Amino acid sequence: MSTPAPGSPRRPDDRTSAGTPLRLGTRGSALAIAQSQQTADALTAATGRPVELVRIVTQGDRSSAPVAQLGVGVFVSALRDALIAGEIDFAVHSYKDLPTAAHPRLHIAAVPPREDPRDALVARGDRTLAELPPGSTIGTGAVRRIAQLRALGLELQVTPIRGNIDSRIARVKGPEADLDAVVLARAGVVRIGRAAEIAETLDPMLMLPAPAQGALAVECRADDADLVELLAALDHAPSRAAVTAERALLATLEAGCSAPVAAHAELAEGEDGDEIYLRGAVISPDGVRAIRLSRTGTPADAAEIGKALAADLLDAGADTLIGSTE
């Protein structure tokens, strides 16, 4: 794997040779490198083009503040700056890290096949969530997970945590472990090769995932028509449709609700072809109140399904849940 430092921008014709490596920008975390390398390998396999990884340090990597405090997009802004400056040719993001508003100069050229979007529990003694005794300490970095854990009424002590996957698991299974369990995105644990340490994959009925969890976004400059076409080889239409529905729900709710939001879209074969089944939830941060609704429709109408379900949630009072804080 090659990881050169970003250099001066290349001229447009510098990339025309099939033997010239495309520069894929990535964060330096184990997860970011793993999913970027997997994407690079898939692109080379599909098109024959070599790809080199270029590490980019983001503000989120430098800060120890909670993700909710740092804000949406903190892990992607440096990658996008490098893209616009021509220092890299494309980037791979965890799709759930992207702001919902489209970038005027950039384009999501591909959504590769989505990894399992569910959340996962890593626990001492490989206990399941139901087997954790009352008073157990459980860590997670997402307000969505914290709210849903509190809603279960299991008398767990939920602790906000930061850090990469390895450091979070170490707080349960390391020599200086100080937690009984952590909840993480299953996709990330699988991508770094630690799936064997998952004690339980959580049913979405208990823990509805974040919108776009488990999905990747392959992004390039919108005016780079050749690369847009090349990267399209990685696109997986069912994954893109599911993510489109979930993010349309999130984008619509962001205008009127600040409470934790969860969404999960599944594609299934219906009587008249494929259908999307979208579930959405808005939970008060203390877990006391939650509104959960669903809608179905066709993949072609994915965005409209998400918008309509968000409207249903707001009509049901989702915008009032932010007031139910501790």
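Computed from a prediction, not measured in an experiment: that's the story for all the values here. (Residues numbered from 1 in each chain as written. Predicted model: local features only at pLDDT ≥ 70, side-chain atom pairs only at ≥ 80, totals over all residues. Heavy atoms only, no water.)

## A few points about helix 4 (residues 77–84)
- Within helix 4, burial applies to Ala78, Leu79, Arg80, Ala82 and Leu83.
- Buried residues along helix 4 sit in contact with strand 1 (22–26), strand 3 (90–94), strand 4 (106–110) and strand 10 (216–221).
- Taken from the residues just after helix 4, Gly86 is the one with a positive phi, measuring 80°. (Buried < 20%, exposed > 50% of the residue type's maximum accessible area, 1.4 Å probe, protein only. Helix = DSSP H or I, 4+ residues; strand = E, 2+ residues; numbered from the N terminus. Contact = heavy atoms within 4.5 Å.)

## Digging into helix 9 (residues 237–254)
- For helix 9, built from 18 residues, the straight-helix expectation of 26 Å at 1.5 Å per residue is met to within 8% by its first-to-last C-alpha distance of 25 Å.
- Of all the residues in helix 9, the buried ones are Ser239, Ala241, Ala242, Val243, Ala245, Glu246, Arg247, Ala248, Leu249, Leu250 and Leu253.
- In the core, the buried residues of helix 9 are packed alongside strand 11 (261–270), strand 12 (273–283) and helix 10 (302–315). (Expected span 1.5 Å × (residues − 1).)

## Concerning the sheet that holds strand 2 (residues 51–55)
- Within the open sheet, the five strands sit side by side as 2-1-3-10-4. Their pairing is mixed. The strands lining the two open edges of the sheet, one partner per strand, are strand 2 and strand 4. Ignoring strand direction, the axes of neighbouring strands in this sheet form an average angle of 35°.
- Pairing of strand 1 with strand 3, which is carried by two bridges, proceeds in the parallel orientation. Along strand 3, the bridge assignment pairs Leu24 with Phe90.
- Along the sheet face, helix 4 touches strand 1, strand 3, strand 4 and strand 10 and points at about 165° away from the line of strand 3. (Pairing = 2+ DSSP bridges. Axes fitted to C-alpha atoms, helices over the stretch in contact; angles between N-to-C directions.)

## Topic: the pairing of strand 3
- Along strand 3, five of the five residues are buried, which leaves the element largely enclosed by surrounding structure.
- Of the two faces of strand 3, the one lined by Phe90, Val92 and Ser94 and the one lined by Ala91 and His93 are each fully buried.
- With five bridges connecting them, strand 3 and strand 10 associate as antiparallel partners. Among the inter-strand pairings, Phe90 is bridged to a residue of strand 10, identified as Cys220.

## Details of the pattern of salt bridges
- Inspection of the entire model under this criterion finds 17 salt bridges.
- One salt bridge connects Arg114 with Glu246, and the closest N-O pair in it is separated by 2.8 Å. In this pair, Arg114 sits in the loop between strand 4 and strand 5 (119–123) while Glu246 sits in helix 9, placing the two residues 132 residues apart along the sequence. The pair formed by Arg114 and Glu246 is uniform in burial state, with each residue classed as buried. (Salt bridge = Lys/Arg side-chain N within 4 Å of Asp/Glu carboxyl O.)

## Looking at the confidence of the model for the protein
- Summarising the model, the protein shows a mean pLDDT of 89, and 88% of its residues fall at 70 or more.
- Note that residues 1–13 has pLDDT below 50 and, in this model, 28 contacts with residues that lie over four places away or in other chains.
- Every residue in residues 60–72 scores below 50 in pLDDT, and together they form 21 contacts with partners more than four places removed in sequence or on other chains. (pLDDT = per-residue confidence, 0-100.)

## A word on the packing of helix 9 against helix 10
- Interaxial distance between helix 9 and helix 10 falls to 7 Å at its minimum, and their mutual angle equals 35°. The hand of the helix 9/helix 10 crossing is right-handed. Residues Ala241, Thr244, Ala245, Ala248, Leu249, Thr252 and Leu253 of helix 9 form the contact with helix 10, whose own contacting residues are Ala302, Ala303, Gly306, Lys307, Leu309, Ala310, Leu313 and Leu314.
- Residues of the contact of helix 9 with helix 10, tallied by class, amount to 11 nonpolar, three polar and one charged. (Left-handed = near helix turned anticlockwise from the far one by under 90°. Nonpolar A, V, L, I, M, F, W, Y, C, P; charged D, E, K, R; others polar.)

## Quick look at the pairing of strand 5
- For strand 5, the tally of buried residues reaches five of five residues, placing the bulk of the element in the interior.
- In this structure, strand 5 lies alongside strand 8 (residues 181–185), joined through five bridges in antiparallel fashion. Residue pairing across strands places Leu121 opposite Val183, the latter belonging to strand 8.
- Two strands pair when backbone bridges link them, and strand 5 and strand 9 (residues 200–201) are joined in this way by two bridges, in the antiparallel orientation. Bridged to Ala120 within strand 9 is Thr201.

## Comments concerning the nonpolar core
- Judged by nonpolar contacts, the single largest core of 22 residues is most densely connected at Leu249, Leu253, Ile276, Leu278, Val282 and Leu313.
- Of all elements in the fold, only helix 9, strand 11, strand 12 and helix 10 reach the threshold of two or more residues within this core.
- No other element matches helix 9, which puts six residues into this core.
- Listed in part, the 18 residues of the second largest apolar core include Ile33, Val51, Leu216 and Leu230. (Core = buried A, V, L, I, M, F, W, Y, C linked by side-chain atoms within 4.5 Å.)

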